[in-house]
Amino acid sequence: MGHTLCFERRSTAAPNCWPARWPLLEVLGYTAGSDPASPLIDQTENTQPALFALAYALATLWQAWGVAPAALLGHSVGELAAACVAGVFSLEDGLRLVAARGRLMGALPQEGMMVAVSTDEDPFCSAWPASAWRSLCPPHNRPHSPALLPSLRPGRSDWQQMLASLGELYVQGLEPEWKRVGCEVRRARVALPFYPFERQRFWIENPPAPRPFSLHPWIDRMSRLPLRQATLLESHFNIARLPFLAEHRVQGILVSPGACQIALALSGAELCLGHPLLLTEGLLPEPLTLDLGQTRTVQAYFAAADGDLAFDLSSFVEDPAEKGKPTDPTTPLESATHLAGHVRATAAPLPELDLATLRQRCPLPASLEALYDRLAAGGLELGPSFRWIAEAWQTAGAGETLARLVRPPTVPPLPGERLPPGLLDACFQVAAMTQQDPAAAVGLPFALQTLHHRALEGGGWWCYARQRDVQRWDFWLLRSSGAAIAAATGFEMRAAPAGLLPTVRADWLHSLRWEVQRLRLADSELPPCWLFVGVDTHQTAELAKDLGIAPPPQEDGLCHSTRHRKAPSDRQLPRSPDTTRRSGSSLQGKDSDRKAAEMPPNVRWSNAASCSL
């Protein structure tokens, strides 16, 4: 504590009158070539003057910020610092006194010790002889612990703690010298809310209750396609129905974990084939992304293929405005495939592993905090619903991990659920813990060579994962007895692309919409002349009305030109006889002269074939 303050606000007073053998900054490890881990600070003759200097510097800093003490008290070295700040003696005398005290205490035998007891005075005094009480804790040296605001605190930045205490003093009514607080830092004005609740929503919302899956966990509807010897299963993913999906984000985007798609496929296969199941050649080519408030229709298509069922799982978004309306089957619908593979029923037994042996193979405790920090740094953010790992152990060189898994309280079990997605995703996380390279990129599930799965039982599980090569793992999901519930081989993870589906956010920030805006020329400068070409009588009158000018003569097939009657004189165009004659010459028949004579001085017109001004 205090290193940041000592380094950034070095005092010139203390070093000039420093009485100890070693310079203060060298004791603190802040001189060139000094070691911050130097044992100088651990020597009593250096520790006590350093403590005195720190306490005095903190008191001086508070006073510079406008926090003047009404009374001063201290304990041990703090007594000397309090007396110095109160003016009992000068800084130089205080430093000499504390240096002498440090030398005397440093000369005592090294085997001595200090006793600290947190109790009332009476039971302590009755347990010790009077002589020991007087020597150990004289009455004037008994510390008390009033409620004070700390200047420094272990594990917290010096400036963070100082400013937090200053802010608390301000809340309690003290007005600091703000211009002197952090004067070395360039400050900028920050626009604060005008009232406490600004930019926050506090009204009560009643979201619709999650609709349970009607047919099977993760399955809403099943359709038989006899002409194709296939089965189509359908489900709907959204945050209201599956709120835990909001706790799985990749690069800030809501992404349904691959374990959800696998759980849906296994549920569909169970409807078609029964249980237990063997999934082979599983491939997850593209993540399933979600927007808040959006519902994605997820379909799994199963068809017979060489004794197995080949399947692929895809999703799309339906326009709510088009729901229930007839659709054109030829209109393409944007969709994405998230899982493909084969599945078949199997009676092959799963192995039983000895948990005690696995525990011996993995003796080193693994840090779950480090795991989730590494995943978050790589762009994978997991909420409480995806943290099933209670504790984990590893081998010395990583490569193997054993973990105990427990269902989080935020994830209630679904009736008839065979493999919760969070439990399967926890197995993926255990596999990720075996990576020997801590700088390896965080990956998403990409492929499964095989996944053998049978009925889920019990409420506590274990997962053992073993890395086969750089990108492939095997893992076993076990009961507490060691019997396997699921076994996977050839599990692969691949790094998420840096620009994960950029189109997801393409229309979040703006939309293009054309709006009709009537022409307003009240505040603008008008041109001296208007020319209307190829418009009918009604449009001409409407335009003239909007422009605030007299409409041209009502004659079809003409292009019309008009000048402003109120235009400034310096903006008027000269009306030469040639201009009038050329314009009038285009009028056919014996009425041309009459129409030319009736034409206002600021209006010209002609037919479209020979329009001129």
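Reading the values: rules and limits
- Residues numbered from 1 in each chain as written.
- Predicted model: local features only at pLDDT ≥ 70, side-chain atom pairs only at ≥ 80, totals over all residues.
- Heavy atoms only, no water.
- Core = buried A, V, L, I, M, F, W, Y, C linked by side-chain atoms within 4.5 Å.
- Buried < 20%, exposed > 50% of the residue type's maximum accessible area, 1.4 Å probe, protein only.
- Helix = DSSP H or I, 4+ residues; strand = E, 2+ residues; numbered from the N terminus.
- Contact = heavy atoms within 4.5 Å.
- Arc of directions from axis to C-beta.
- Salt bridge = Lys/Arg side-chain N within 4 Å of Asp/Glu carboxyl O.
- Pairing = 2+ DSSP bridges.
- pLDDT = per-residue confidence, 0-100.
- Phe/Tyr/Trp six-rings, centres within 6.5 Å; stacked < 30°, edge-to-face > 60°.

Participant: Explain the nonpolar core to me, please; I cannot follow it from the model alone.
Facilitator: Soluble globular proteins tend to bury their nonpolar side chains together. With 73 residues, the main nonpolar core has F237, I389, L405, F475 and L477 as its most contacted residues. A per-element tally of this core places helix α13 (residues 421-433) first, with nine residues. Each residue touching L405, except ones within four places of it in the same chain, is listed here: W388, I389, L423, A426, C427, V430, G460, W461, C463 and L477. Among the nonpolar cores identified, the runner-up in size contains 12 residues, and L355, L358, W462 and A487 belong to it.

Participant: I would appreciate a short explanation of unusual backbone geometry in the present structure.
Facilitator: Only a minority of non-glycine residues have a phi that is not negative, and only a minority of peptide bonds are not trans. H275 connects to P276 through a cis peptide bond whose omega is 0°. Considering the arrangement of structural elements, one finds P276 in the loop between α10 (258-273) and β5 (277-283). With phi around 60°, S76 is a residue other than glycine that occupies positive phi space. Structurally, S76 is set in the loop between α4 (44-64) and α5 (77-86). Phi at Q251 takes a positive value of approximately 55°, unusual for a residue other than glycine. Judged by its relative accessible area of 29%, Q251 falls in the partly exposed class.

Participant: Is there a simple way to explain helix α14 (residues 537-547) in this structure?
Facilitator: Spacing of three or four residues puts side chains on the same side of an α-helix, whose turn is 3.6 residues. Of all the residues in α14, the buried ones are T540, A544 and L547. The arc that holds every buried residue of α14, seen down its axis, measures 65°, which confines them to one face. Exposed side chains of α14 directed beyond 90 degrees from the buried face belong to H538 and K545. Remark: G548 follows α14 within two positions and exhibits a positive phi of approximately 75°.

Participant: What is the right way to read the pattern of salt bridges from this model?
Facilitator: If charged atoms from side chains of opposite charge come close, those side chains can pair. Throughout the structure, instances matching the rule amount to 10 salt bridges. Of the charged contacts in the structure, one is a salt bridge between D474 and R466, with a shortest N-O distance of 3.9 Å. D474 gets classed as buried once you look at its relative accessible area, which sits at 7%. As a salt-bridge pair, R494 and E492 come within 2.9 Å of each other at their nearest N and O atoms. We classify E492 as buried; its relative accessible area is 16%. A single salt-bridge network, built from bridges that share partners, covers R466, R468 and D474.

Participant: Would you take a moment to explain the pairing of strand β16 (residues 472-479) for this structure?
Facilitator: Residues in a regular strand project their side chains so that they alternate between the two faces of the sheet. The buried fraction of β16 is high, at seven of eight residues. As judged from the seven bridges shared by strand β15 (residues 460-467) and β16, these two strands associate in the antiparallel manner. In the strand pairing of β16, C463 is matched with L477. The hairpin turn running from β15 into β16, its antiparallel successor, is four residues long. Note that β16 and strand β17 (residues 484-495) share six bridges and pair antiparallel. Following the sheet pairing, W476 is matched in β17 by A487. Taking the residues between adjacent antiparallel strands as the criterion, β16 and β17 are bridged by four residues, where G482 takes a positive phi near 100°.

Participant: Where do I start with the confidence of the model for the chain in this structure?
Facilitator: Reading predicted coordinates in detail is not appropriate for stretches of low pLDDT. When the pLDDT values of the chain are averaged, the result is 76; 66% of them are 70 or greater. In this model, residues 7-15 is a region of pLDDT below 50 whose contacts with residues beyond four sequence positions or in other chains number 10 contacts. Confidence drops under pLDDT 50 across residues 562-613; counting only partners more than four residues distant or on other chains, this segment forms 76 contacts.

Participant: How do you make sense of the packing of aromatic side chains when you look at a structure like this?
Facilitator: Each aromatic ring pair is specified by the distance between its two centres and by the angle formed by the two planes. Applying the stated criterion across every chain, the model contains 15 aromatic pairs. When the ring of W218 is compared with that of F237, the centres are 5.9 Å apart and the planes differ by 65°; the resulting orientation is edge-to-face. Here W218 is found in the loop between α9 (158-171) and β1 (221-225), whereas its partner F237 is found in strand β2 (residues 230-237), with 19 residues between them in sequence. F237 shares its class with W218; the two are buried. Plain terms: the ring middles of W393 and W462 are 6.0 Å apart, the flat faces sit at 20° to each other, and that makes the pair stacked. Of this pair, W393 sits in strand β12 (residues 389-394) while W462 sits in strand β15; the two residues are 69 residues apart in sequence, bridging distant segments of the chain. W393 gets classed as buried once you look at its relative accessible area, which sits at 9%.

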